[in-house]
Amino acid sequence: MNVLAVGAHPDDIEISCAGTLTKLVKSGHSVTLCHVSTGDKGHYEIPPEQLIGIRAVEAQEAAAVIGVPVISLGLKDGEIYSEQEETRLLFVELIRKVKPDIVITHADNDYMPDHNAVSKLVFDSTFLASLPAIITESPTIKRVPALFYMDNLSGMDFQPTLYVDVSEQFETKLEMLSKHQSQLVWLKEHDGVDILDFVHTLGKMRGIQAGCKYAEGFIQRMVWARNNTVRLPV
(Lines give C-alpha, C1' and ligand atoms only; values in the text may rest on other atoms or scores of the structure.)
Protein backbone atom coordinates (compact mmCIF):
# COMPACT_ATOMS: atom_id res chain seq x y z
CA MET A 1 0.00 0.00 0.00
CA ASN A 2 1.25 3.48 -0.90
CA VAL A 3 0.39 6.16 1.71
CA LEU A 4 0.87 9.93 1.41
CA ALA A 5 0.54 12.16 4.49
CA VAL A 6 0.11 15.87 3.75
CA GLY A 7 0.51 18.48 6.49
CA ALA A 8 0.38 22.25 6.17
CA HIS A 9 3.59 22.76 8.17
CA PRO A 10 6.58 20.76 9.33
CA ASP A 11 5.47 19.02 12.59
CA ASP A 12 1.71 18.80 11.77
CA ILE A 13 2.02 15.21 10.60
CA GLU A 14 4.13 14.18 13.57
CA ILE A 15 1.58 15.67 15.97
CA SER A 16 -1.45 13.97 14.47
CA CYS A 17 -0.50 10.68 12.85
CA ALA A 18 3.17 9.76 13.30
CA GLY A 19 2.27 6.68 15.33
CA THR A 20 0.09 5.32 12.54
CA LEU A 21 2.73 6.09 9.92
CA THR A 22 5.34 4.28 12.02
CA LYS A 23 3.03 1.27 12.22
CA LEU A 24 2.51 1.33 8.44
CA VAL A 25 6.24 1.47 7.73
CA LYS A 26 6.94 -1.42 10.10
CA SER A 27 4.27 -3.44 8.29
CA GLY A 28 6.07 -2.94 4.98
CA HIS A 29 3.93 -0.20 3.44
CA SER A 30 5.37 2.76 1.52
CA VAL A 31 4.94 6.13 3.25
CA THR A 32 5.74 9.62 1.97
CA LEU A 33 5.49 12.82 4.03
CA CYS A 34 4.67 16.18 2.44
CA HIS A 35 4.84 19.60 4.09
CA VAL A 36 3.03 22.25 2.07
CA SER A 37 4.64 25.26 3.75
CA THR A 38 8.23 25.89 4.72
CA GLY A 39 7.06 27.02 8.18
CA ASP A 40 8.77 30.37 7.64
CA LYS A 41 6.62 32.36 10.09
CA GLY A 42 6.70 29.87 12.96
CA HIS A 43 8.81 31.95 15.32
CA TYR A 44 8.80 35.42 16.89
CA GLU A 45 12.58 35.89 16.95
CA ILE A 46 14.18 33.77 14.20
CA PRO A 47 13.76 35.58 10.84
CA PRO A 48 11.81 33.72 8.14
CA GLU A 49 14.70 33.03 5.75
CA GLN A 50 16.79 31.54 8.55
CA LEU A 51 13.85 29.59 9.95
CA ILE A 52 13.12 27.95 6.58
CA GLY A 53 16.50 26.20 6.68
CA ILE A 54 16.13 25.17 10.33
CA ARG A 55 12.69 23.68 9.82
CA ALA A 56 13.74 21.87 6.64
CA VAL A 57 16.50 20.11 8.57
CA GLU A 58 14.11 19.26 11.42
CA ALA A 59 11.61 17.79 8.95
CA GLN A 60 14.28 15.62 7.34
CA GLU A 61 15.50 14.42 10.74
CA ALA A 62 11.95 13.54 11.82
CA ALA A 63 11.29 11.57 8.63
CA ALA A 64 14.63 9.79 9.00
CA VAL A 65 13.49 8.30 12.32
CA ILE A 66 11.23 5.93 10.37
CA GLY A 67 13.21 6.05 7.14
CA VAL A 68 10.70 7.72 4.83
CA PRO A 69 11.04 10.48 2.21
CA VAL A 70 9.77 13.99 2.86
CA ILE A 71 8.66 16.53 0.26
CA SER A 72 8.17 20.29 0.68
CA LEU A 73 5.92 22.21 -1.71
CA GLY A 74 7.73 25.39 -0.69
CA LEU A 75 4.77 27.66 0.03
CA LYS A 76 4.79 30.25 2.83
CA ASP A 77 2.84 30.32 6.09
CA GLY A 78 -0.42 32.22 5.67
CA GLU A 79 -0.12 32.16 1.89
CA ILE A 80 -1.79 28.83 1.09
CA TYR A 81 -4.87 29.59 -0.99
CA SER A 82 -7.09 26.77 -2.19
CA GLU A 83 -8.48 28.63 -5.21
CA GLN A 84 -5.15 29.57 -6.80
CA GLU A 85 -4.65 27.57 -9.99
CA GLU A 86 -0.88 27.43 -9.58
CA THR A 87 -1.23 26.00 -6.08
CA ARG A 88 -3.85 23.46 -7.16
CA LEU A 89 -1.52 22.25 -9.90
CA LEU A 90 1.28 21.82 -7.34
CA PHE A 91 -1.01 19.48 -5.42
CA VAL A 92 -2.14 17.65 -8.55
CA GLU A 93 1.47 17.00 -9.51
CA LEU A 94 2.22 15.81 -5.96
CA ILE A 95 -0.59 13.25 -6.15
CA ARG A 96 0.48 12.08 -9.59
CA LYS A 97 4.11 11.82 -8.58
CA VAL A 98 3.49 9.79 -5.41
CA LYS A 99 0.54 7.76 -6.77
CA PRO A 100 -0.96 7.06 -3.33
CA ASP A 101 -3.61 4.48 -2.55
CA ILE A 102 -4.38 6.45 0.61
CA VAL A 103 -3.93 10.13 1.47
CA ILE A 104 -3.98 11.45 5.04
CA THR A 105 -4.40 15.17 5.71
CA HIS A 106 -6.10 17.80 7.90
CA ALA A 107 -9.84 17.82 8.46
CA ASP A 108 -11.69 20.69 6.82
CA ASN A 109 -12.72 22.25 10.17
CA ASP A 110 -9.30 22.56 11.77
CA TYR A 111 -8.29 25.57 13.82
CA MET A 112 -6.27 27.68 11.35
CA PRO A 113 -6.50 28.82 7.71
CA ASP A 114 -3.45 26.95 6.37
CA HIS A 115 -4.78 23.62 7.65
CA ASN A 116 -8.23 24.22 6.18
CA ALA A 117 -6.83 25.33 2.83
CA VAL A 118 -4.63 22.22 2.65
CA SER A 119 -7.64 20.03 3.43
CA LYS A 120 -9.58 21.48 0.49
CA LEU A 121 -6.55 21.36 -1.82
CA VAL A 122 -5.98 17.68 -1.04
CA PHE A 123 -9.65 16.85 -1.53
CA ASP A 124 -9.74 18.70 -4.85
CA SER A 125 -6.38 17.56 -6.21
CA THR A 126 -6.86 13.87 -5.46
CA PHE A 127 -9.81 14.00 -7.84
CA LEU A 128 -8.31 16.39 -10.39
CA ALA A 129 -5.17 14.26 -10.66
CA SER A 130 -7.27 11.63 -12.40
CA LEU A 131 -8.36 13.96 -15.23
CA PRO A 132 -6.21 13.71 -18.40
CA ALA A 133 -7.18 17.20 -19.56
CA ILE A 134 -5.31 18.72 -16.60
CA ILE A 135 -1.67 18.74 -17.65
CA THR A 136 1.26 18.46 -15.25
CA GLU A 137 4.67 16.83 -15.52
CA SER A 138 3.51 13.41 -14.31
CA PRO A 139 0.78 11.26 -15.92
CA THR A 140 -2.73 10.97 -14.52
CA ILE A 141 -3.55 8.54 -11.75
CA LYS A 142 -5.91 5.70 -12.57
CA ARG A 143 -8.12 5.91 -9.50
CA VAL A 144 -8.98 8.58 -6.95
CA PRO A 145 -7.26 7.55 -3.70
CA ALA A 146 -9.00 6.95 -0.40
CA LEU A 147 -8.90 10.02 1.84
CA PHE A 148 -8.52 10.11 5.63
CA TYR A 149 -8.59 13.17 7.88
CA MET A 150 -6.20 13.11 10.84
CA ASP A 151 -7.05 14.41 14.29
CA ASN A 152 -6.42 18.03 15.24
CA LEU A 153 -4.21 19.26 18.06
CA SER A 154 -6.90 19.30 20.77
CA GLY A 155 -9.48 16.87 19.40
CA MET A 156 -12.17 19.59 19.31
CA ASP A 157 -15.13 18.91 16.98
CA PHE A 158 -13.47 15.75 15.66
CA GLN A 159 -15.29 12.45 16.05
CA PRO A 160 -13.11 9.61 14.73
CA THR A 161 -14.62 6.88 12.59
CA LEU A 162 -11.39 4.90 12.93
CA TYR A 163 -8.95 4.46 15.81
CA VAL A 164 -5.41 3.12 15.43
CA ASP A 165 -3.73 1.61 18.48
CA VAL A 166 -0.29 3.27 18.55
CA SER A 167 0.71 2.21 22.07
CA GLU A 168 3.82 0.41 20.81
CA GLN A 169 4.67 3.22 18.39
CA PHE A 170 4.08 6.14 20.74
CA GLU A 171 7.70 6.61 21.77
CA THR A 172 8.71 6.73 18.11
CA LYS A 173 6.00 9.35 17.52
CA LEU A 174 7.48 11.45 20.34
CA GLU A 175 10.98 10.98 18.96
CA MET A 176 9.86 12.26 15.56
CA LEU A 177 8.05 15.23 17.09
CA SER A 178 11.06 16.03 19.28
CA LYS A 179 13.12 16.74 16.16
CA HIS A 180 11.07 19.92 15.70
CA GLN A 181 12.87 21.80 18.47
CA SER A 182 12.37 25.25 16.94
CA GLN A 183 8.63 24.81 17.45
CA LEU A 184 8.60 22.94 20.75
CA VAL A 185 10.84 25.48 22.50
CA TRP A 186 9.22 28.55 20.92
CA LEU A 187 5.65 27.55 21.73
CA LYS A 188 6.55 26.60 25.30
CA GLU A 189 8.53 29.79 26.02
CA HIS A 190 6.32 32.32 24.25
CA ASP A 191 2.83 30.82 24.43
CA GLY A 192 3.02 28.45 27.39
CA VAL A 193 2.00 25.60 25.08
CA ASP A 194 3.64 22.23 25.69
CA ILE A 195 3.03 20.34 22.45
CA LEU A 196 4.46 17.10 23.80
CA ASP A 197 2.01 17.27 26.70
CA PHE A 198 -0.84 17.99 24.25
CA VAL A 199 0.12 14.90 22.25
CA HIS A 200 0.32 12.75 25.40
CA THR A 201 -3.08 13.95 26.58
CA LEU A 202 -4.88 13.51 23.26
CA GLY A 203 -3.21 10.15 22.68
CA LYS A 204 -4.43 8.92 26.07
CA MET A 205 -7.95 10.26 25.48
CA ARG A 206 -8.20 8.52 22.10
CA GLY A 207 -6.72 5.45 23.76
CA ILE A 208 -9.49 5.46 26.38
CA GLN A 209 -12.04 5.68 23.59
CA ALA A 210 -10.37 2.87 21.65
CA GLY A 211 -9.64 0.60 24.60
CA CYS A 212 -5.86 0.83 24.55
CA LYS A 213 -3.09 2.96 26.07
CA TYR A 214 -2.53 5.38 23.19
CA ALA A 215 -4.47 5.81 19.95
CA GLU A 216 -4.75 8.14 16.98
CA GLY A 217 -8.12 9.03 15.48
CA PHE A 218 -9.13 9.43 11.83
CA ILE A 219 -12.21 10.15 9.76
CA GLN A 220 -12.50 8.59 6.32
CA ARG A 221 -14.03 10.96 3.75
CA MET A 222 -16.73 8.80 2.21
CA VAL A 223 -17.93 10.23 -1.10
CA TRP A 224 -18.73 8.63 -4.44
CA ALA A 225 -15.90 7.91 -6.91
CA ARG A 226 -13.23 7.56 -4.24
CA ASN A 227 -11.48 4.32 -3.46
CA ASN A 228 -13.74 3.75 -0.48
CA THR A 229 -13.09 0.02 -0.25
CA VAL A 230 -9.53 0.83 0.88
CA ARG A 231 -8.95 1.04 4.64
CA LEU A 232 -5.89 2.09 6.58
CA PRO A 233 -3.93 -1.20 6.65
CA VAL A 234 -3.10 -1.14 10.37
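A few words on the sheet that holds strand β4 (residues 102–106). Reading across the sheet, the 7 strands line up as β3-β2-β1-β4-β5-β7-β6 and stay open at both edges, with mixed pairing between neighbours. Strands with a single pairing partner mark the edges of an open sheet, and in this sheet they are β3 (70–75) and β6 (162–165). For this sheet, the mean inter-axis angle between neighbouring strands, taken without regard to orientation, is 25°. Note that β6 and strand β7 (residues 215–220) share 4 bridges and pair antiparallel.

This model, assessed by the stated rule, comprises 9 salt bridges. The partner of D11 in a salt bridge is R55, and the shortest N-O contact between them spans 3.6 Å. In this pair, D11 sits in the loop between β1 (2–7) and α1 (12–26) while R55 sits in helix α2 (residues 48–66), placing the two residues 44 residues apart along the sequence. Using a relative accessible area of 8% as the deciding quantity, one classes D11 as buried. Where D151 meets R206, a salt bridge forms, and the shortest distance between an N and an O atom there is 2.6 Å.

Rules behind the numbers
Residues numbered from 1 in each chain as written. Predicted model: local features only at pLDDT ≥ 70, side-chain atom pairs only at ≥ 80, totals over all residues. Heavy atoms only, no water. Pairing = 2+ DSSP bridges. Helix = DSSP H or I, 4+ residues; strand = E, 2+ residues; numbered from the N terminus. Axes fitted to C-alpha atoms, helices over the stretch in contact; angles between N-to-C directions. Salt bridge = Lys/Arg side-chain N within 4 Å of Asp/Glu carboxyl O. Buried < 20%, exposed > 50% of the residue type's maximum accessible area, 1.4 Å probe, protein only.

Keep in mind these values describe shape, not function.
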